[in-house]
Amino acid sequence: MKKAILSAVAASSLVACTSVESAVVSGSEFSATGGEAIAVIQAKSLGLTAIFHIVDLVQSDLDTVVNKLLVAEAKAMGASKVDLKSAGTTPRHGIFALAGTIIGVTSSSAVGVAVK
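Looking at an unreviewed UniProt entry, one finds the protein chain named Conserved uncharacterized protein and attributed to Stigmatella aurantiaca.

Following this line, the structure appears as structure tokens:
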């Protein structure tokens, strides 16, 4: 029984921690390029890496945050495209690799406006 609980805890610790927040806005009060704004969406993801950020244990990068979280949420809300306002991720190369010596935590985030 103890091994099963330990295995469940270990497996759940390797699941990506993601958060998607959205706020519906009025198109007449909020301007967006390319159409009518319907929502503001913020997506954030935390990842886990090993050995100077070389090995991804739990993936967190801009591709995941923008395409899988931000765009998917916008399409679920009925938007045809997203006006990306900001995006960022934890640097992994150069001097920043020292921050992930044995185990490192990475973070990626993106903010956009869902446009109809």
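This brings us to the overall build of the protein chain. Scanning the protein chain from terminus to terminus reveals two helices and six strands. Its helices and strands in sequence order give the protein chain the pattern α-β-β-β-β-α-β-β, from N to C terminus. Counting across all 116 residues of the protein chain, residues that qualify as buried make up 28%. Across the protein chain, contacts joining residues at least 24 apart in sequence account for 73% of those joining residues at least 6 apart. Of the accessible surface of the protein chain, which amounts to about 7,100 Å², a share of 63% is contributed by carbon and sulfur atoms.

In total, this model carries two salt bridges according to the counting rule given. Taking the shortest distance from any N to any O, the salt bridge between Asp-56 and Arg-92 comes out at 2.8 Å. Linking Asp-56 in strand β4 (residues 55-58) with Arg-92 in the loop between β5 (81-89) and β6 (103-115), this pair joins segments that are 36 residues apart in sequence. By relative accessible area, Asp-56 is classed as partly exposed at 40%. The shortest N-O distance in the salt bridge between Asp-83 and Lys-85 comes to 3.0 Å.

Membership of the largest hydrophobic core is limited to 12 residues, which are Ile-38, Ala-39, Ile-41, Ala-43, Val-65, Val-66, Leu-69, Leu-70, Ala-74, Ala-79, Ala-110 and Ala-114. Counting residues per element, the ones that place at least two in this core are β3 (35-50), α2 (62-76) and β6. It is α2 that provides the largest number of residues to this core, a total of five residues.

Right, let's talk about a nonpolar patch on the surface for a bit. Side chains of Ile-51, Phe-52, Ile-54, Val-55, Leu-57, Ile-95, Phe-96, Leu-98, Ile-102 and Ile-103 sit close together on the surface and give an oily, nonpolar patch of about 1,000 Å² of accessible area. Mapping Ile-95 onto the fold places it in the loop between β5 and β6.

This next bit is on the side chain of Thr-106. With respect to the element layout, Thr-106 can be found in strand β6. A polar contact of 3.5 Å, which involves the side chain of Thr-106, links it to the side chain of Arg-92. Once residues within four sequence positions are removed from consideration, Thr-106 is found in contact with Ser-45, Leu-46, Gly-47, Leu-48, Thr-49, His-53, Ser-60, Thr-90 and Arg-92.

Each value, and the rule that gives it
Residues numbered from 1 in each chain as written. Predicted model: local features only at pLDDT ≥ 70, side-chain atom pairs only at ≥ 80, totals over all residues. Heavy atoms only, no water. Helix = DSSP H or I, 4+ residues; strand = E, 2+ residues; numbered from the N terminus. Buried < 20%, exposed > 50% of the residue type's maximum accessible area, 1.4 Å probe, protein only. Contact = heavy atoms within 4.5 Å. Areas by Shrake-Rupley, 256 points an atom, 1.4 Å probe, with all protein chains shown as cover. Salt bridge = Lys/Arg side-chain N within 4 Å of Asp/Glu carboxyl O. Core = buried A, V, L, I, M, F, W, Y, C linked by side-chain atoms within 4.5 Å. Patch = residues over 30% accessible without salt bridge, like charges linked within 9 Å, V, L, I, M, F, W, Y side chains within 5 Å. Polar contact = N/O pair within 3.5 Å; in protein donor to acceptor, adjacent residues only side chain to side chain.

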